[in-house]
Each structure stands twice: as structure tokens, then as C-alpha cells.
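# Inside the fold
For reference, the chains in residue letters:
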Number of protein chains: 2
Amino acid sequence: MAGRQEKDEKGVTAEKDEFSEWFTQIMLKADLADYTAVSGCIAFRPTSYAIWEKIRDEVDKRFKKEGIKNVYFPLFIPEKVLSKEAEHVEGFTPEVAWVTHAGESKLKERLAIRPTSETIMYDSFSKWIRSWRDLPMRLNQWNNVVRWEFKHPVPFLRTREFLWNEGHTVFASKEEAEAEMDFVIGTYDDVCRNFLALPSLIGRKSDKEKFAGAEYTVSMEFLMPHGKAIQGPDFHHDGQIFAKAYDITFLNEEGKKEYAYQNTFAITTRMLGVMFAIHSDKNGLVLPPRIAPTQAVIVPILFDDSRDEVLTLARDVEEKLSKFEVLLDLREEHKPGYKFNEWELKGVPLRIEVGPKDVERKEVVLVRRDTGKKEAVKVRSLAAKVERMLEEIQESLLEKAEKFLRAGVVEAKDLLSVEKVIRSKKIAFVPLCRGVECEDMLKYKSGGAKVLNIPFDGEKRAKGKTCVVCGKKADYLAYVGKSY
Amino acid sequence: MAGRQEKDEKGVTAEKDEFSEWFTQIMLKADLADYTAVSGCIAFRPTSYAIWEKIRDEVDKRFKKEGIKNVYFPLFIPEKVLSKEAEHVEGFTPEVAWVTHAGESKLKERLAIRPTSETIMYDSFSKWIRSWRDLPMRLNQWNNVVRWEFKHPVPFLRTREFLWNEGHTVFASKEEAEAEMDFVIGTYDDVCRNFLALPSLIGRKSDKEKFAGAEYTVSMEFLMPHGKAIQGPDFHHDGQIFAKAYDITFLNEEGKKEYAYQNTFAITTRMLGVMFAIHSDKNGLVLPPRIAPTQAVIVPILFDDSRDEVLTLARDVEEKLSKFEVLLDLREEHKPGYKFNEWELKGVPLRIEVGPKDVERKEVVLVRRDTGKKEAVKVRSLAAKVERMLEEIQESLLEKAEKFLRAGVVEAKDLLSVEKVIRSKKIAFVPLCRGVECEDMLKYKSGGAKVLNIPFDGEKRAKGKTCVVCGKKADYLAYVGKSY
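Treat the numbers as computed from the prediction; the structure is a model and nothing was measured.

## Examining the pattern of salt bridges
Two side chains of opposite charge can pair, provided their charged atoms sit close to one another. Following the criterion strictly, the structure yields 78 salt bridges over all chains and no others. In this structure, the salt-bridge partner of Lys-346 of chain B is Asp-31 of chain B, at a minimum N-O distance of 3.3 Å. With Lys-346 of chain B in the loop between helix H11 (336-345) and strand E17 (350-354) and Asp-31 of chain B in the loop between helix H2 (19-29) and strand E1 (33-35), the pair connects residues that are 315 residues apart, well separated along the chain. A relative accessible area of 22% places Lys-346 of chain B in the partly exposed class. Salt bridges sharing common partners tie together Asp-31, Arg-45, Asp-329, Arg-331, Lys-339, Glu-342 and Lys-346 of chain A.

Structure (C-alpha cells):
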């Protein structure tokens, strides 16, 4: 079959459990990303960038409604400004890209390419904030950041430049600042679950794993097909740590000077990679309909003697589905079989086949990308059916991902079981004490797994349990896994 | 008067004809931008960034409808890749910021921060384009670029980092490529005229002034209040110049290899500065309603004995105007006079005053920011009136800007008149031949004015006229002025 032959050249040749090869093939063959002349930096091709725009717009809409305003700060951070908060700078300097020259001139001071913008923004915040009336000040920016990692780069999942939002908010009291967490993590979780169809493990990082410069970090952790966890969106409560380093003070209602309280939060283009990896299969990309730039593709099956009728029906179908993102594939140079494979590879959620027999029957054939299930549908009820089916695909992908995540988390009561769970490519749910030595030992004994986070009810659930390392009273139950 | 006193501290103290001081004061005092720790790079504060988002969204909508797709390419360009097209690299290297180190390591090859992305994108384009079926390929990105200018930086107008779109399109034939110009310049002109209320001089650059690497450049030139011209959006037709340097070829329908034809085009955050400068006045910022993040502000005038009724009316007004971007200023710490001055300074197009007498009369007072004209309006007809008045302000700002531009362009038939026009801070409309020597001489004799561009009918209109420099037959009429 011509279609099959063509597929063998173009299709994915690796199985999902050869994760790295499989993932790379999908990235390149589904035209999501390409390598560039800069090592570790990718080109986002139209499909992946359109998905990022949808994520950005959904998050942005919710932020704006809440009163968070967008700004834009410089790409560059002078070395002196970057270095003001000791823990923060220590966390980032090993990965900073430095500009040393402009044109023919050597700069007087090196400029860091922002790995994150706390330091350059807070320098301005200290000028902008004078009194309690200026607070809360809730700002955000959508931009590019650079972290020159020396680990093996993977498209979307680990790239030296990536895109993100960075929210930076300032409050007069710790209570107000901390109360923002529910909104922020709720927003990210809503967009991840209901658009990307991705559930996650939400909780607080251990002190050892929190963000450099934060008082504490709340993270969303996802389980990848090959059993590694990967960190997604996060929220950091910085307390007064940066306020003290960058002199962000305000006069309170009594006219007394106080340091402000701050949060930062982010969602990054890494989420594209997480979504591509979790939903896709051996035939290529699978995309949730609500995030897919093309939701349905119409492929007419043309023969000389019925060409006109089939084309008329195909155009009628396109017209009837105009409220969806629909593509009518009229290319003459490829056979239908080739097109089926191509759109499968590229993850279009629904295929609509229109052939000569359909003309008489006044129907078309719908094929779901996620299950491959075919169904003949009358043209007169098509729009309603497509709407329902797209919703079903969306829900079914989320359910499948939830099932995978649930099956991927296993309770472990002692070190031996932790090691076994980790070896079986799952996440262990483990009673631990707060001791950093125990966390270090756990990592050593489990072959490199770390505390991903501690669910909000992790302390309550630890009652009566003992730390898997030292055997003393456990402080919390924590998710433990190998992390990307 | 308390309001007046407060204004003297906060308001603009320079007149518009002290352009540099006046402009800087508006940028800072209207909270549009702030200087940062990085010389030549500004922070975009919420108002200016919200305006940029509107410009971006308007342009982006039109591009997408036309089939142009967004992508994202790396911030970095390896030195070798940047250097492939000789004229292009020569145009940019004096202003390139170079990354030489990452963390503690020296990089093997220096990386340029993109001053524009032709070179890194076309490296990929040459891989992506194989046959005529891949064409046209019309891509665009919204990003940040860096040009390390050594001239005095001015917020928005000349900054070392700025934001823009860069369109990069590839066609199989020169005709198709050139036909894109009307759409692109038409889009930019539409957004500039109908949203920013800014008319411009549109035409082709002279060969001397075209973009480094282009066959020709079409530009939009704006006249600033202090008589200098400034270049806005532009469109470059690159012919096969980059295609030959970066090997962008395709197999045509006959199976023969051909070089492709390319265009690039851009609109930048400089347009914010141009708009702020042209419309604003001695009282501060003036914004066209269609681009203003806040279109109207409601200021209640509160006295103890009528407080509740006035607040009820103010809230009713807010409710009635919910389809507009309206702000109800309920701050208790400032008097109405202070608020009037503040919103005037910040350029809100319409002020709505609600006082005790208005309650009985069932009316409010509307005050136009552009003219200061006051008008009492019945509450029952308020929404329709506000809609009409915002439209009137929008049109009136465009008309005023058109009048200013028309008055600022003066025909000049000889070198002496050119010099006189330039000295009077206007743009001269001048018959010229194509000779580069004549263009150089013109610049020298006029005290630094250059050819801005040549209107599309500039050749036709030169019939029977002679070059102001050499006295031979003129090839075209050109706009000549001092440029930012």
C-alpha cells in the first residue's frame, strides 16, 4: 500500500518505551520543533508556538481578571544587581550566560542574560513602592529566559532558552501574600487539567529543594511516560528575603517603615513537552482538542467519476464546522492513506473522511485520533456530534492521564520498598522527617530519587508513621522520585 | 488651591518645544517607563505594555487571517551563522551584544544576541523548504532584539533592547513576494492610523538608506514635534540575496532547483514613543481612545452631606459604561483637583465628574482630555454620548496629526530652499537624481538631513524637474529631513 510505504519513511519508528528516541522523533517528524545552530536552543514551529499562545492567553486572561498587570523589564542584569541576594545568585550563577562585549567595545561590567528577573525588577520596585497605598502591586511578564544547563538538552523539556511568565507580586502583609497561592496554583492547575489534560501532584517543596531565595516553594509535578517526574508550574513565597536585599519598603498606615512581602510564580514552555510526552503514542502526536491548533481535518477521497460530488460534500462539511478549527486537505499530490498517516502523526484530534459512498448516504466517517475508533455520522447532525466527540476526547485524555498518574504513585514504608518503587519507574509516597541528612540518605539509597513535593495534607497523613530513613517520628508524607 | 499645589510637584514642568525634557518628564511622570540598572534599557510599566499588547494583538489578528504563522527562534546567533551575508553582517556588527561565557566556562564560539533574526531563521528555512509545495512559507515572531547603540538613548524611541514583530516570508517567485508589500504596509498603516491616530509618509528608501541585505526597503516615516523625522514600520524585499547566502532553494514544478524570494517586515515598540510624543501636550500624556488602556475615569466629588447620593450615581455611571474601559476613582486620600490633574497627566481620554448638583439634575460632566472641553450630559443618554465622544477624540487626534504632518512637509526646488526648510524643523520634498554623490552632497549642504523615502508616485511627479544638487534630470521626488 502506497500510504503504508510513505508512512515508513515519515512515521515514528520508535516505541513509546524507548522514550528518548520516540520523543525526539515526534518533536521532529510532527514539525513541533527543530534543532538550531545554537546548541540547546530550539526553533518553535507553528504548531507548538500556537499551543504556547493558547496557554499564555488562558493564563493571562485569568491573571488580568484578578488585577495582575503585565510589564516588561530588560533582558540584561548587571552583575552587581544580580549578586545582591546571596542564596539566589548562588542558585543561578553556574548557568548564567554573560555578555561581555558590545560591538568592538568591552563592557565595563558584565551583563547577565536574565535566568529569572527578581533582581532587575526589585531594583525598580524599591523605587516604585513608597506607601501602603501602592500595595498590593501585582505585576507579571511574559518573556524569554536563559539558563545555560550543561545536561543533555531535550526539546521543550530542557532547553537553554525558554519562554515563560514570571509573576512578581508585593504585599503589605505575609497573610495577604500567602493567600495569593490558591489563586495562582489554582489557575495553573485549571489550565493544565482542562486545556492540556494533565493532572499533577501539587505540594510544597522540601527546604532542600525549594527555589533559591524563597521561603518556600509550591510545585506541580508531572509523571512522564518513562517514570521520571518533571516539575511544572510553581509558586514561591519569598517572605521579606528579597525585600531586605533590595530595600523594598513602604510606610504603613501608621507612617512606619516596613519591609514588604513577595511572591513569584511561573509556567513555562516545558509544559508543551510534558503534554506531548504524556498523551502521544507510537503513531505520533496526540493533542487534547481544546489546545489543538487544528481540531479536525477533512480528507476527501477522490476518484475521477465522483470527484465533484465528494468535493462539494467536503466543502459543505467544512462550512458546517466553521465554529471549530478545521482544515480541509485538498492537496492533490498525496493519496488519502498518506494524509491519514500524516494527520495522525501530527496529532489532529479528529479525522473526517468523505468518500463517494458518503455522498449517497449523506454521511461522513469520523475517526478519533486517541482511540482510532471510527463512526459514520449523518451530515445533518455533524456539528453537534463533532462538538460532543471533541469533548469526549478531551475528557478521555485527562482520565487516561489521571489513571496513569494514580498507578504511578505507590506508598512505601521502608527504604527497601522506596528503592523497589523507584526501580519500577514510579513515584514513591514516603513518610519522612524534616532532617536534611535523611533526605540526602534517601537520595543515596534510592539511586538518585529526591523529594518532589509534600502534598498539603502530607503532615496530617503522617500521623503515627515513622521516617523511612531514621525511624523517628515522620513529619510528613512526601512524593519521592527521579526527576528530570 | 490644593490641587494646583500638588500638581506643581507631580506635573510636567517643561513645554512641548523643549522636546527632550518634556518627553522624558511625560515618560516618567505618567508612569509609562522607568530607567533601569542597565544603561539604555527601560522598564515598560503597565500602561505602556498594555498599549503594546493592543498593537501586537491588532497586527497579529490581521497577520493570522492572511495565513502568516507565528514561530519562535533562539535569542542567540553563533558568530559564524551571523556572518554569512556580508552586507547584512556589516550593517549590524557595530551594535551586536556578544555572549562569551556561560557559568564559569568560556564558549568555544561567541554568540550574538539577535539584532534581527534573518541569519538564524534562514539557516532553518534552508532545511525546511524542499519543493514549490512548501511555498509560500510565511512566518512571523514577536520577540525582543538588542542593538547596542552608542547614541543617547531615549525611552521607547531609542533603546538598546526593544520589542517587535519580525515577519519572514518565502515565495517561489519575485512577483508573489513583491505583491505581499501592499498587505503588510496596509496592515501597519491601518493600525497606525486607526488605533494610534498617526499618519505617515510612506515610500521606498533610497539605495543608500535601505536595510542591510535588502534589495529595497519600504518605510513609514513620522514627523516628531521637534521637527525630526523618525522611521516606523518597514518592509524589505530581499530578492534572492539571503536565499543565495543561506542556500534556500526549492524544486520547482518542473523539478528544477531554484533560489527562493524573501521579504521581512517589522513594527516595534518605538511606535509607543512616537505616539506619546505626537499627541501629548504641556499637561501630560494624550492617548487615542482606541488604544488607551483606560478610556474614561469617573471622579466623584464628595462632601459629607451628599456623599452617599454622589457615590450611588458614580457607581450607576460605572455600570452604564461597562462596555468601555472605565475606572471609578474612589481613593479617599486625594482631593478631586488632584485626581483631575493626575488623570490628565496620565492621558485618560475622558474624565467624568460626578458632583452633588449632578444628582438632582440627573446628569454628569464630561471633560475631553484632548481639548479640555466640558459638557453636561444627562445620565440616560450617557453611554451613547461617551461612545460618540470617544470616536470624536479618536478622529480629532488623527486630523490634528494629519494637519501637523501636512504643514511639516514643504516642497523645495533648490539647495538653498532645502536648507531653509530643514532649518525651520520641517521635511523638504525634493527633486533628486539617483546619484549617491548627490545624496551625500545634499546631506552635507543641508546640515545632516537625509532621504527619508520616496513616495510611490515620486518618480511620476518628478517629470520635468531637475535634481537640486547636480541640476540634471530628477529621477524622483523624495522626502528629506533630519532623522532620529
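## Points about unusual backbone geometry
In the segment running from Leu-135 of chain A into Pro-136 of chain A, the intervening peptide bond is cis, with an omega of -5°. Here Pro-136 of chain A shows up in the loop between helix H6 (118-128) and strand E7 (137-146). One non-glycine residue, Asp-247 of chain B, lies in the positive phi region at around 60°. Within the element layout of this structure, Asp-247 of chain B appears in the loop between helix H8 (241-246) and strand E12 (249-251).

## Comments concerning the sheet that holds strand E15 (residues 296-300) of chain A
Residues and elements named next belong to chain A. Pairing in this open sheet of 5 strands is mixed, and the strands run E16-E15-E17-E18-E19 from one edge to the other. Two strands lie at the open edges of the sheet, namely strand E16 (326-328) and strand E19 (374-378), each paired on one side alone. With strand direction ignored, the average angle separating the axes of adjacent strands in the sheet is 25°. Bridge analysis of E15 against strand E17 (residues 350-354) gives 5 bridges, and the strand direction is parallel. Residue pairing for E17: Ala-296 is matched across the bridge by Leu-350. Contacts from helix H10 (residues 307-320) reach E15, E16, E17 and strand E18 (363-368), with the element oriented near 170° to E15.

## Comments concerning the sheet that holds strand E21 (residues 427-432) of chain A
Residue and element names in this part refer to chain A. Taking strand neighbours across the sheet as the criterion, the 4 strands line up as E20-E21-E23-E22 in an open arrangement whose pairing is mixed. In this open sheet, the two edge strands, each paired with only one partner strand, are strand E20 (409-411) and strand E22 (450-453). Across the sheet, the mean angle from the axis of one strand to that of its neighbour is 45°, orientation sign disregarded. With 5 bridges connecting them, E21 and strand E23 (residues 476-481) associate as antiparallel partners. Across the sheet, Val-430 pairs through a bridge with Ala-478, a residue of E23.

## What about the relation of the copies chain A and chain B?
With an RMSD of 0.0 Å, the operation that places chain A on chain B is a rotation of 180° combined with a shift of 0.0 Å along the axis. In short, the pair behaves as if placed about a two-fold rotation axis. Relative to the rotation axis, the C-alpha of Val-99 of chain A is the closest in chain A, positioned 2.1 Å from it.

## A look at the side chain of Glu-221 of chain A
All names here are of chain A. Looking at where Glu-221 falls in the secondary structure, it is placed in strand E10 (residues 216-223). The exposure class of Glu-221 is buried, given its relative accessible area of 1%. Here the side chain of Glu-221 touches Ser-219 through a polar contact of 2.7 Å, side chain to side chain. Beyond its immediate sequence surroundings of up to four residues, Glu-221 is in contact with Ser-200, Leu-201, Lys-205, Ile-230, Gln-231, Leu-452 and Asn-453.

## Concerning the nonpolar core
Grouped together as the largest cluster of nonpolar side chains are 76 residues, with contacts concentrated most on Phe-76, Ile-113 and Phe-125 of chain A together with Phe-76, Ile-113 and Phe-125 of chain B. With near-sequence residues (within four places) excluded, Phe-125 of chain B lies in contact with Phe-73, Met-137, Leu-139, His-168, Val-170, Ile-248 and Gln-262 of chain B.

## Brief notes about a negative patch on the surface
A contiguous patch of negative charge on the surface is contributed by Glu-15, Asp-17, Glu-18 and Glu-21 of chain A. With respect to the helices and strands, the residue Glu-15 of chain A is situated in the loop between helix H1 (2-10) and helix H2 (19-29).

## Regarding the packing of aromatic side chains
Ring pairs (aromatic) are described by centroid distance and by the angle formed between their planes. Inspection of every chain in the model, using the stated rule, returns 42 aromatic pairs over all chains. On the basis of an interplanar angle of 10° and a centroid distance of 6.2 Å, the ring pair of Phe-235 of chain A and Phe-265 of chain A is categorised as stacked. With Phe-235 of chain A in strand E11 (residues 229-239) and Phe-265 of chain A in strand E14 (residues 261-268), this residue pair connects regions lying 30 residues apart in the sequence. Across the pair, Phe-265 of chain A and Phe-235 of chain A agree in class, each one buried. Centroid distance Phe-162 of chain B to Trp-164 of chain B: 5.8 Å. Interplanar angle 85°. Geometry classified as edge-to-face.

Rules behind the numbers
- Residues numbered from 1 in each chain as written.
- Chains lettered and ligands numbered in written order.
- Predicted model: local features only at pLDDT ≥ 70, side-chain atom pairs only at ≥ 80, totals over all residues.
- Heavy atoms only, no water.
- Salt bridge = Lys/Arg side-chain N within 4 Å of Asp/Glu carboxyl O.
- Helix = DSSP H or I, 4+ residues; strand = E, 2+ residues; numbered from the N terminus.
- Buried < 20%, exposed > 50% of the residue type's maximum accessible area, 1.4 Å probe, protein only.
- Pairing = 2+ DSSP bridges.
- Axes fitted to C-alpha atoms, helices over the stretch in contact; angles between N-to-C directions.
- Contact = heavy atoms within 4.5 Å.
- Least-squares fit on C-alpha atoms with pLDDT ≥ 70 in both.
- Polar contact = N/O pair within 3.5 Å; in protein donor to acceptor, adjacent residues only side chain to side chain.
- Core = buried A, V, L, I, M, F, W, Y, C linked by side-chain atoms within 4.5 Å.
- Patch = residues over 30% accessible without salt bridge, like charges linked within 9 Å, V, L, I, M, F, W, Y side chains within 5 Å.
- Areas by Shrake-Rupley, 256 points an atom, 1.4 Å probe, with all protein chains shown as cover.
- Lys, Arg positive; Asp, Glu negative; His and termini not counted.
- Charge placed at Lys NZ, Arg CZ, Asp CG, Glu CD.
- Phe/Tyr/Trp six-rings, centres within 6.5 Å; stacked < 30°, edge-to-face > 60°.

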